[in-house]
Amino acid sequence: MLNVPSQSFPAPRSQQRVASGGRSKVPLKQGRSLMDWIRLTKSGKDLTGLKGRLIEVTEEELKKHNKKDDCWICIRGFVYNVSPYMEYHPGGEDELMRAAGSDGTELFDQVHRWVNYESMLKECLVGRMAIKPAVLKVRVVESVGKIEIVLQKKENTSWDFLGHPLKNHNSLIPRKDTGLYYRKCQLISKEDVTHDTRLFCLMLPPSTHLQVPIGQHVYLKLPITGTEIVKPYTPVSGSLLSEFKEPVLPNNKYIYFLIKIYPTGLFTPELDRLQIGDFVSVSSPEGNFKISKFQELEDLFLLAAGTGFTPMVKILNYALTDIPSLRKVKLMFFNKTEDDIIWRSQLEKLAFKDKRLDVEFVLSAPISEWNGKQGHISPALLSEFLKRNLDKSKVLVCICGPVPFTEQGVRLLHDLNFSKNEIHSFTA
Ligand code: FAD
Ligand code: NAP
């Protein structure tokens, strides 16, 4: 629920569609984009039906509001009337209704704990959950240096026995950190990489340490017309040719992003408008890529389309520097035209420098003079490209790009007998 990243999506071939294996999105009606929602929240319309009053909500009261046209949901102790948001929710109304009239925190955290619901739903805030009266008293007994906890019996009777301890009563349960932590980073430089993609360099706040593991992404957050908008981005190294150092040294205070600007997008034009010295919030990292996948690896295949190249940057650097068993890395990079290829000359230089690396560019809309590969991801292209070094060599194929590209690629990889363990697909 409260699924934000690709507000007015999905258009039939929109690149922002989310994988069917992950959370799915439903087509939104005309006029129900994230921008439309922001406009509605700024219109002054009473979205809670309480004329701006905040109330204390009891569990009994919350349960009553469980219909589409009267739907309250509690997230981290705050109750929201999400009925006005129903048609704007990219995950669909049914997804939102799963938490109707109840505490949706767990469900929310499972699906997308990074979504800035406080900002998105501030006009829908009904109030706080009423706190149940405490049934225990806590007293500090200074004379003996102890804390005394007094529990009131429900009934004033003698107990015959104290019951049995609960399972695991004596163990420590690691706390699952829920909300994402954001730090404000300063824009240090912005450099054109292609006609629409830029390398952004952000500086972390003083004394901050942020290590984004290989294959993971962070969320960038910016206020857009008064609402905080969050989108995921994959940090890269400043260049493909620089020496690779992992883990990040404590004095490493910069974080780099390759970001394509979509002129009609919501977030990237705003990001592009930032001036050197301006700030953008960067979250802690997320993602499920495990570096252990590289252990004893011999053949690494990377399939990237457009900015789907971003996770491959650190993977490439790491693979060529830190996997002693590695024999071959092959990158197949899909783009529309030559002008869209990110870091083409760096890739060519790297392949020249390190003979273990092969790079193949595939263009979907090349000029007639292009004598490289052309078309889209296909069985023919993949079966020719994905040749193992040896019959039983340890192989990993990483794939990232527009969701339909990635989904199709994974299907083709299965058809080519690559096992689940040999494939890592990057999706949100
Ligand atoms: P959006 O508003 O999402 O729009 C994108 C494009 O789709 C625009 O052209 C817009 O006009 C079009 N569009 C929007 N709605 C519709 C519609 N209804 N019908 C037709 N077209 C529509 N991107 C990077 O550049 N670099 C990265 O490192 C990167 N890392 C990512 C990591 C992850 C895990 C994921 C999931 C995505 C990543 N992305 C990355 C993509 C990024 O998160 C954003 O989706 C992207 O920047 C677009 O955001 P936007 O708000 O500017 O555009
Ligand atoms: P793009 O320029 O639109 O497309 C790049 C190439 O992929 C083009 O050749 C394009 O062909 C092809 N392509 C597009 N859709 C396809 C499909 N359905 N099937 C086969 N080929 C397809 O790409 P982009 O705008 O840079 O978008 C990159 C995508 O990667 C975004 O959706 C972004 O969210 C995603 N991404 C994900 C992660 C992650 O999950 N970790 C990280 C970074 C980026 P056409 O010319 O025919 O369009």
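Residues numbered from 1 in each chain as written. Chains lettered and ligands numbered in written order. Predicted model: local features only at pLDDT ≥ 70, side-chain atom pairs only at ≥ 80, totals over all residues. Heavy atoms only, no water.

1. Remarks on the packing of aromatic side chains
Argument step 1. Tallying each qualifying case throughout the model produces 12 aromatic pairs.
Argument step 2. Summarising the aromatic geometry, the rings of Phe108 and Tyr117 are spaced 5.0 Å apart at their centres and angled 75° between planes, so their arrangement reads as edge-to-face. With respect to burial, Phe108 and Tyr117 carry one shared label: buried.
Argument step 3. Consider the rings of Phe334 and Phe405, whose centres lie 5.2 Å apart with planes at 65°: the pair is edge-to-face. With a gap of 71 residues between them, Phe334 in strand 17 (residues 328–335) and Phe405 in helix 10 (residues 403–415) connect regions that are remote in the sequence. (Phe/Tyr/Trp six-rings, centres within 6.5 Å; stacked < 30°, edge-to-face > 60°. Buried < 20%, exposed > 50% of the residue type's maximum accessible area, 1.4 Å probe, protein only. Helix = DSSP H or I, 4+ residues; strand = E, 2+ residues; numbered from the N terminus.)

2. Regarding the confidence of the model for the protein
Argument step 1. In this model, the protein carries an average pLDDT of 87, and 89% of its residues clear a pLDDT of 70 or more.
Argument step 2. Within the protein, strand 7 (residues 136–141) has the poorest average pLDDT of any element, 78, and strand 18 (residues 357–363) the best, 98.
Argument step 3. Of the regions scoring below 50 in pLDDT, residues 1–23 engages in 78 contacts with residues more than four places distant in sequence or in other chains.
Argument step 4. Here residues 244–250 is a poorly scored stretch, pLDDT under 50, and it has 14 contacts once near neighbours within four places are set aside; other chains count. (pLDDT = per-residue confidence, 0-100. Contact = heavy atoms within 4.5 Å.)

3. So, the sheet that holds strand 14 (residues 254–260)
Argument step 1. Strand order in this open sheet of seven strands is 12-11-15-9-10-14-13, and the pairing throughout is antiparallel. Each end of this open sheet is capped by a strand with a single partner; those strands are strand 12 (227–233) and strand 13 (235–236).
Argument step 2. As paired strands, strand 9 (residues 182–192) and strand 15 (residues 279–283) are joined by five bridges and run antiparallel to one another. From the neighbouring strand, Tyr182 faces strand 15, where its bridge partner is Ser283.
Argument step 3. Of the strands in this sheet, strand 11 (218–224) and strand 12 are in contact with helix 1 (residues 34–42), which crosses strand 12 at around 160°. (Pairing = 2+ DSSP bridges. Axes fitted to C-alpha atoms, helices over the stretch in contact; angles between N-to-C directions.)

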